[in-house]
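Residues per chain, in single letters:
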Amino acid sequence: MSDRKGGRKDQADTVPAATRAAFRLSPVIVWLGIVSMATDISSESVAAVLPLYVTGFLGLSTIAFGIIDGINQGASAIVRIGAGWVSDRTGRPKSVAVAGYGLSMVARVGFLFTGGFWSVAAIVTGDRVGKGIRTAPRDAMIAAEAQPDYLARSFGVHRMLDNIGAAAGPLIAFALLSLIPNGYSSVFVVSLAFAVIGVAVLLLAVPNRTVWPGKAPASEASTQEPLAEAPARQSKAGWSRTSWRALKVQGLPRLLVAAGLLGLLTVGDGFVYLLLQSREAFPVQWFPLLFVGTNAAFLVFAIPIGRLADRWGRVPVFLAGHLALFACYLLAAVPAGGTAATLGCLLLLGLFYAATDGILAALVSQLAVPEHLGTALGTAQTVVALSRMVSAAAFGVLWYAAGPAAAAACVAVLLLPALGTATVLLRRTPRTVS
């Protein structure tokens, strides 16, 4: 059912918990998780060495890294909404996703020949544009296959598989740098290999189903109506002309504003790790293990946090994740934290991502009408990407002007009022999805 403003009615308020269907995971979600796992091994093996590669091997400044990290965060924003719209318009999200994964794979080749700021910036832009193309249609496929009462858990399973790759990538980079000092080219070759594997699995294992509202097939095992099987609210021609109405459903504009505001105060992980490395002065070959720690924590928390969000409410979990980020920044700003403080930062970062990444996608999926899901997801991802791009560039300048610890403390202080504003904006958001 739909309410008069176009959103989905909250089944959780009308269906007793004891009568809801048991959680069943679609094989499509598992295959998409495996694709993301291989792709994250590819991307995170490079991300784990990129801060040191830029500031150490290439000898560029933190301002230059801030610009590159800003590109890393925000370049995908230029295509996310368009990719989501094309996914909705054509009803073929897999085809759009293949284009995105393929572009990122091709960009990996460039790392084998890079040698300066502009080449690195261009390659990162290509890779991130590929990410922007693939993310909304991929999440739309997940939402189409998921049971509505278990959206956050389904996204949590995908993010868990994704983060197995995100943890493995830095481990591979660590092993290569330990065996081959300054062996960045070896990391780039391995990255390309896993990108090829991810595209191959997507092409061969994920079905290219047509996803029109009311017609998309979901897991045969599921006994609960998936989002993609919700009744169509408009004709195909009608919804193609009014796609931007996807942003006007009740609660979605406030969610986008809150996500953008919090994104402005979300510093890229690379800066946090550079701060920890400069404070603790550990050998550079250990640097990739910082990424492993965060991704391992994300991996552990992803499914439990998703289950918690489905049961107790996605908005409280989403906001609590930013409290973990606030604590991480404070801990990173401590002048002499030691090993315990470093591990605490990694744990808190992993908790933050587990409580926000898949949860935001679940929130958008619960608020958007099914026929505009790709557009809504792409818009939310664009808002977050643009805000984090601004945050990265600004933090690079702040680091240069005030020093790393003072910069981290400043962002932590600003995060609290932003979190209070987001709480007010999201106070009327439904607890669960229909």
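Look above for the structure.
Criteria and cut-off values
- Residues numbered from 1 in each chain as written.
- Predicted model: local features only at pLDDT ≥ 70, side-chain atom pairs only at ≥ 80, totals over all residues.
- Heavy atoms only, no water.
- Helix = DSSP H or I, 4+ residues; strand = E, 2+ residues; numbered from the N terminus.
- Buried < 20%, exposed > 50% of the residue type's maximum accessible area, 1.4 Å probe, protein only.
- Contact = heavy atoms within 4.5 Å.
- Areas by Shrake-Rupley, 256 points an atom, 1.4 Å probe, with all protein chains shown as cover.
- Expected span 1.5 Å × (residues − 1).
- Bend = angle between axes of the 7 residues up to and from the residue.
- Salt bridge = Lys/Arg side-chain N within 4 Å of Asp/Glu carboxyl O.
- Polar contact = N/O pair within 3.5 Å; in protein donor to acceptor, adjacent residues only side chain to side chain.
- Axes fitted to C-alpha atoms, helices over the stretch in contact; angles between N-to-C directions.
- Parallel < 35°, antiparallel > 145°, perpendicular 65-115°, else oblique.
- Core = buried A, V, L, I, M, F, W, Y, C linked by side-chain atoms within 4.5 Å.
- Phe/Tyr/Trp six-rings, centres within 6.5 Å; stacked < 30°, edge-to-face > 60°.
- Lys NZ or Arg CZ within 6 Å of the ring centre and 35° of its normal.
- Disulfide = S-S within 2.5 Å.
- Arc of directions from axis to C-beta.
- Left-handed = near helix turned anticlockwise from the far one by under 90°.
- Nonpolar A, V, L, I, M, F, W, Y, C, P; charged D, E, K, R; others polar.

**Q** What is the right way to look at the overall build of the chain in this model?
**A** Each helix and strand counted, the chain has 16 helices and zero strands in total. A buried classification covers 58% of the 434 residues belonging to the chain. Look at the contacts in the chain between residues 6 or more apart in sequence, and 85% of them connect residues 24 or more apart. Looking at the chain as shown, the accessible area adds up to about 16400 Å², and 68% of this sits on carbon and sulfur atoms.

**Q** Looking at this structure, I do not really get helix α6 (residues 117–145). What am I missing?
**A** Given 3.6 residues per turn, any residue in an α-helix points the same way as the ones three and four places further on. End to end, α6 covers 42 Å across 29 residues, agreeing with the expected 42 Å (1.5 Å per residue, within 8%). The sharpest bend along α6 comes to roughly 25 degrees, located at R134, with the proline P137 sitting one to four residues further on. α6 sits mainly inside the fold: 24 of its 29 residues count as buried.

**Q** Sorry if this is basic, but what is going on with the pattern of salt bridges here?
**A** A side chain of one charge can pair with a side chain of the opposite charge if their charged atoms are brought near each other. Tallied over the full model, the rule gives six salt bridges. Note that D127 and R108 form a salt bridge whose closest N and O atoms lie 3.3 Å from each other. Here D127, found in helix α6, pairs with R108, found in helix α5 (residues 93–110); they are 19 residues apart in sequence, far enough to count as distant. The pair D127 / R108 is uniform in exposure class, with both members buried. Across the salt bridge formed by D357 and R159, the nearest N and O atoms sit 3.3 Å from each other. With D357 in helix α14 (residues 338–367) and R159 in helix α7 (residues 151–179), the pair connects residues that are 198 residues apart, well separated along the chain. Using a relative accessible area of 35% as the deciding quantity, one classes D357 as partly exposed. You can call R159 buried: its relative accessible area is 4%. Overlapping salt bridges bring together R138, D139, R159 and D357 as one network.

**Q** When you look at the side chain of D139 in this model, what are you seeing that I'm missing?
**A** Tracing the sequence through the fold places D139 in helix α6. Among the polar contacts listed, one links the side chain of D139 to the side chain of Q381, at a separation of 3.2 Å. Once residues within four sequence positions are removed from consideration, D139 is found in contact with F155, R159, A361, L377 and Q381.

**Q** Could you clarify how one ought to interpret the packing of helix α12 (residues 288–312) against helix α13 (residues 314–333) in this entry?
**A** If you want to describe how two helices pack, look at the angle between their axes and the distance between the axes. Their axes nearest at 7 Å, the elements α12 and α13 cross at an angle of 135 degrees. With respect to α13, the axis of α12 lies oblique. Residues I305, L308, A309, D310 and W312 of α12 pack against R314, P316 and V317 of α13.

**Q** Any chance you could explain the nonpolar core here in plain terms?
**A** Across soluble globular proteins, you tend to see nonpolar side chains buried next to one another. Ranked by internal contacts, the top residues of the largest apolar core, which has 108 residues, are L255, Y273, F287, F318, Y329, I359 and V364. The leading source of residues in this core is α14, at 15 residues. Beyond its immediate sequence surroundings of up to four residues, F287 is in contact with A48, P51, L52, Y273, L274, Q277 and F282.

**Q** Even after reading the chapter, I still don't get the packing of aromatic side chains, so can you show me in this structure?
**A** Aromatic ring pairs: the centre-centre distance and the angle between the two ring planes describe each pair. Across all of its chains, the model carries 14 aromatic pairs by this definition. Considering the side-chain rings of F271 and W399, the 5.8 Å spacing of their centres and the 45 degrees angle between planes classify their relative orientation as tilted. A residue pair is termed long-range when its members are at least 10 positions apart, and F271 in helix α11 (residues 269–280) and W399 in helix α15 (residues 373–402) qualify at 128 residues. By the burial criterion, F271 is buried, and W399 matches it. Judged by centre distance (5.9 Å) and plane angle (65 degrees), the rings of F287 and F291 are edge-to-face. Here R153 stacks its cationic end above the ring of F23, 4.8 Å away from the centre of that ring.

**Q** Just to check I follow, could you spell out the state of the cysteines for this structure?
**A** By definition, a disulfide links the sulfur atoms of two cysteines through a covalent bond. Applying the stated criterion across every chain yields a total of zero disulfides. Among the cysteines around C328, which has no disulfide bond, C345 carries the closest sulfur, lying 4.3 Å off. Given the relative accessible area of 0%, C328 is considered buried.

**Q** I tried to follow the environment of A406 on my own but got confused; where do I start?
**A** Within the element layout of this structure, A406 appears in helix α16 (residues 404–425). C-alpha of A406 to C-alpha of P335: the two residues are 71 residues apart in sequence and 9.8 Å apart in space.

**Q** Can you walk me through the side chain of H158 in this structure?
**A** Tracing the sequence through the fold places H158 in helix α7. We classify H158 as buried; its relative accessible area is 0%. Within the structure, the side chain of H158 is placed 2.9 Å from the side chain of S36, a separation counted as a polar contact. Filtering out sequence-adjacent residues up to four positions away, H158 remains in contact with I29, L32, G33, S36, R138 and I142.

**Q** It is not clear to me how helix α4 (residues 77–90) should be interpreted in this structure. Could you clarify?
**A** Taking 1.5 Å per residue as the helical rise, α4 with its 14 residues ought to reach 20 Å, and the 21 Å between its terminal C-alpha atoms agrees with that figure. For α4, every residue scored as buried is listed here: A77, R80, A83, G84, S87 and D88. Relative to the axis of α4, the buried residues are bounded by an arc of 130 degrees and lie together on one face. Remark: G91 follows α4 within two positions and exhibits a positive phi of approximately 70 degrees.

**Q** Would you mind showing me how to read the packing of α13 against α14 here?
**A** Between α13 and α14, whose axes approach to 8 Å, the crossing angle comes to 155 degrees. Judged by the inter-axis angle, α13 sits roughly antiparallel to α14. Helix-helix and strand crossings are classified by hand; for α13 and α14 the assignment is left-handed. Classifying every residue of the contact of α13 with α14 gives 20 nonpolar, five polar and one charged.

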